[in-house]
Structure formats: C-alpha cells, structure tokens
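Topology and contacts: notes
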Amino acid sequence: MDHKSLWAFIEGDRYGCDWIIIVLIGDSGVGKSNLLSRFTRNEFNLESKSTIGVEFATRGIQVDGKTIKAQIWDTAGQERYRAITSAYYRGAVGALLVYDVAKHGTYDNVDRWLKELRDHADSNIVIMLVGNKSDLRHLRAVPTNEAKSFAEANGLCFIETSALDSQNVEQAFHQILTQIYRIVSNKAIESSNENVQPGSGAQIIVPTADDGSKPANKCC
Ligand code: GDP
Ligand code: MG
C-alpha cells in the first residue's frame, strides 16, 4: 500500500470504503480458489478448473471487538500464464502465498512469487506462506519444519491449511487480518499522536519488533 492509500485507509475512506485488501498468489492448482470459497462461503469444489468469473470475495471478521471487512482477490487463473499484472497487487496490504504440501515444485516456486511481490506490491505488505492440502498426509512432499524455517528466515508468517477439510483456513485469514489491522491501528494512533495531517508528506514509520530486529509487519 502506498502512503497515499494508507492515509486514505486510516481515514476510513479507501476508495470510498474501508476494506482490507488481501491477494492470493501461488502456482496454479495449489488451492487458492478453494481457500477463498472455504473462507467466504464455506464451499469446496473437488473439480480442478480454473477460476472463472470470481475476481474477489468479501467477509467481515471481528478483531479487538471491531468488525473489519476483508476483500480477498483471486487470480482468476492468470498465474497459469504468468500473466498477473501489477494492477492485481494495487492497494493490497496482505498476501497469502500458497503452495501445495504434496507438490514440491509449487514450494520451489515460492521464491519466484516473493520476487513478484517485491517487484509489484508495496514493500510493507504482510505475507503469509500457506502450505495447503495438509489432508494429503500420505502424499506429503514438503516437510512442515522446512517450510517453517524458510518462512522464519524470510520474515513471513506461516501456516498449513486444508481447504478440503477446513483445517486452519479460518486461522490463516484471521491471523493475517488481525496482524494487518493492528499495524494499521498503530499507525493511526502514531499519526494522531504526532498530529500529522494526511498529504503533509510525513514518513509512515513501520513499527519494529521489541528487539528492533525486523519490522513487526513481517511475521505473525
Ligand atoms: P488454484 O488453481 O490455486 O485456484 O487451485 P484450486 O482451488 O482450483 O484447486 C485445485 C485442485 O486442488 C482442485 O481439484 C481442488 O479440489 C484441489 N484442492 C484444493 N484445496 C485442496 C485441499 O486442501 N486438499 C485437497 N486434497 N485438495 C485440494
Ligand atoms: Mg484458482
């Protein structure tokens, strides 16, 4: 999110409303569309077909006693052709980077997706690495610990999910949305304390962890 849209968001007026925007990325077939349908409609589709029609879905969740509204964008299959445009990332404050725990190749490509985020998304975007299809125990190809260590080393949040049996799907979205909400609320408090006006060109300071080692928005 650039500074202008962050200010607009703090003011509850991001393009006319106060949505938190999350994008789904990762290789084709890893279960992005089903994670979205599980979270927003509690639906799962066994058929493998590329996303048609649905560009995004919304859901409200409670955080710290407040309802926050999430707008979650799906790739509509463009990832198949490596044709995701930078417009897809515009305004996104969070990304779920999904791989398939039963297909090592989709995990190998996580680096490529991180580069894509570096090139196209806001540098403060909160990223959660999601190992989906945890129900496929007998086919597991990516050990949990390996992915967890990778996530820690790269300052990403990490979770394993199953859109099929619903394991951790709520938790994945709740964790990232809560993390984003708290960062944005902290910024709102910081800015009101400093009494800085939107558009004044003031720098937005990303909160750091207690030990000051890394930005607090880099890991749940
Ligand atoms: P996308 O291309 O990343 O959007 O992936 P889809 O959501 O279209 O899912 C691709 C295929 O994986 C479909 O056949 C789904 O039924 C299947 N799938 C998605 N999530 C899961 C899961 O958690 N477990 C299992 N076993 N299959 C899944
Ligand atoms: Mg899809």
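Look up a bit, the structure's there.
What you see is a predicted model; the values in this text were computed from it and never measured.

Gly29, Lys32, Asn34, Asn45 and Asp135 are the nearest of the 22 residues found near ligand 1. Between ligand 1 and the protein, one listed contact pairs an oxygen atom with a side-chain N or O atom of Ser33 at 2.9 Å. One of the backbone N or O atoms of Leu46 is found 2.9 Å from an oxygen atom in ligand 1. For ligand 1, whose unbound accessible area comes to 580 Å², protein coverage reaches 91%. Considering every element that reaches the shell around ligand 1, the biggest residue donor is helix α2 (residues 32–41), with three residues. Grouping the amino acids of the shell around ligand 1 by side-chain chemistry returns six nonpolar, nine polar and seven charged.

Here we come to helix α4 (residues 110–120). Listed as buried for α4 are Val110, Trp113, Leu114, Glu116 and Leu117. Buried residues in α4, looked at end-on, bunch into an arc of 155°, giving them a common side. Its buried side turned inward, α4 meets β1 (19–25), β4 (94–100), α3 (104–108), β5 (126–132) and α5 (144–153).

Across the sheet, six strands lie side by side as β2-β3-β1-β4-β5-β6; this open sheet has mixed pairing. The open sheet has two edge strands, β2 (56–63) and β6 (157–160), and neither has a second partner. On average, adjacent strands in this sheet sit at an angle of 25° to one another, irrespective of strand direction. Of the pairings in the sheet, the one linking β1 to β4 comprises four bridges and is parallel in character. Pairing of Ile22 across the sheet is with Gly94, part of β4.

In this section: the pairing of β1. Summarising burial for β1: six of the seven residues are buried, a large majority. The pairing of β1 with strand β3 (residues 66–73) spans five bridges and is parallel. Its bridge partner being in β3, Trp19 is matched across the sheet by Lys69.

Analysis parameters
- Residues numbered from 1 in each chain as written.
- Chains lettered and ligands numbered in written order.
- Predicted model: local features only at pLDDT ≥ 70, side-chain atom pairs only at ≥ 80, totals over all residues.
- Heavy atoms only, no water.
- Near = heavy atom within 4 Å.
- Polar contact = N/O pair within 3.5 Å; in protein donor to acceptor, adjacent residues only side chain to side chain.
- Areas by Shrake-Rupley, 256 points an atom, 1.4 Å probe, with all protein chains shown as cover.
- Helix = DSSP H or I, 4+ residues; strand = E, 2+ residues; numbered from the N terminus.
- Nonpolar A, V, L, I, M, F, W, Y, C, P; charged D, E, K, R; others polar.
- Buried < 20%, exposed > 50% of the residue type's maximum accessible area, 1.4 Å probe, protein only.
- Arc of directions from axis to C-beta.
- Contact = heavy atoms within 4.5 Å.
- Pairing = 2+ DSSP bridges.
- Axes fitted to C-alpha atoms, helices over the stretch in contact; angles between N-to-C directions.

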